[in-house]
Amino acid sequence: MQYSKHYTVNEARALLPRIRKWLAELEACQERLHTLDTQVAALLKNGDDAGGEPVNQLIKTLAQCQRVLSEFRRRQIQVKDIRRGLLDFPALREGREVFLCWEKDEDDIEFWHDLESGYPGREKL
């Protein structure tokens, strides 16, 4: 077995409210990172000192992103695409490891795929 944690459909479903909040936080982080990166790049382009508040904010935002991503890692939930909110939960199906597959726009966890096939191999539960 590749994973030490295997989710039942109900366990994964129970995490969805929290996961939706984490994904929203990651989306906000990405927007802030883009803005801050643009600000720092403009300072560097003009030959200005890029230290100080813009860099501090950039580092704090990176740390916040890492903190949120660690919530997924700690639970062995695979983040496949942050923008799409595409996640895989390790699970067991007929005695073999698979992933329960979910995207943030989906109301519920309704799909699974084996470890090798990925998203194109999604099947209805």
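Keep in mind that this is a model prediction, so the values were computed, not measured.

Quick question: what am I supposed to make of the pattern of salt bridges here?
Where charged atoms of side chains with opposite charge meet at close range, the side chains can pair. Within the structure shown, the criterion is met by nine salt bridges. The salt bridge partner of Arg-122 is Glu-106, with a shortest N-O separation of 2.6 Å. With Arg-122 in the loop between strand E4 (111–114) and strand E5 (123–124) and Glu-106 in the loop between strand E3 (96–102) and E4, this residue pair connects regions lying 16 residues apart in the sequence. Given the relative accessible area of 18%, Arg-122 is considered buried.

Where do I start with the state of the cysteines in this structure?
A covalent bond between the sulfur atoms of two cysteines is what we call a disulfide. Inspection of every chain in the model, using the stated rule, returns zero disulfides. Residue Cys-65 stays outside any disulfide, its sulfur separated by 3.2 Å from that of Cys-29, the closest cysteine. The exposure class assigned to Cys-65 is buried, which follows from its relative accessible area of 8%.

Even after reading the chapter, I still don't get the nonpolar core, so can you show me in this structure?
Among soluble globular proteins, nonpolar side chains are generally buried collectively. Of all hydrophobic cores here, the largest spans 25 residues; its most connected members are Ile-19, Phe-72, Ile-77, Leu-87, Phe-89, Leu-100 and Trp-102. Elements supplying a minimum of two residues to this core: helix H1 (9–45), helix H2 (53–74), strand E2 (86–93) and E3. Excluding residues that lie within four positions of it along the chain, Ile-19 makes contacts with Phe-72, Ile-77, Leu-87, Phe-89 and Trp-102.

Please clarify how the side chain of Thr-61 should be interpreted in this entry.
Positionally, Thr-61 belongs in helix H2. Taking relative accessible area as the criterion, Thr-61 reaches 4% and is therefore assigned buried. In this structure Thr-61 touches Cys-29, Arg-32, Leu-33 and Leu-36, once residues within four positions along its chain are discounted.

Scoring rules and cut-offs
- Residue numbers restart at each chain and count upward from 1, following the sequence in its written direction.
- Given that this is a predicted model, residues contribute local features only at a pLDDT of at least 70 and side-chain atom pairs are listed and counted only at 80 or more, while totals for whole chains, interfaces and linings are drawn from all residues.
- Values shown for side chains rest on all heavy atoms present in the structure; no hydrogens or waters enter the calculation.
- A side-chain nitrogen of Lys or Arg and a carboxyl oxygen of Asp or Glu constitute a salt bridge if their distance falls within 4 Å.
- Every helix listed is a DSSP run of H or I at least four residues long, and every strand listed is a run of E at least two residues long, numbered separately from the N terminus.
- Exposed residues in this analysis have more than 50% of their type's maximum accessible area, buried residues have under 20%, and partly exposed residues fall in between, with area computed by a 1.4 Å probe over protein chains only.
- Sulfur atoms of two cysteines make up a disulfide when they are within 2.5 Å.
- Here, nonpolar core refers to any group of buried Ala, Val, Leu, Ile, Met, Phe, Trp, Tyr and Cys residues whose side-chain atoms link them within 4.5 Å.
- By definition, residues are in contact when any of their heavy atoms lie within 4.5 Å.

Treat this as a map of the structure, not an account of what it does.
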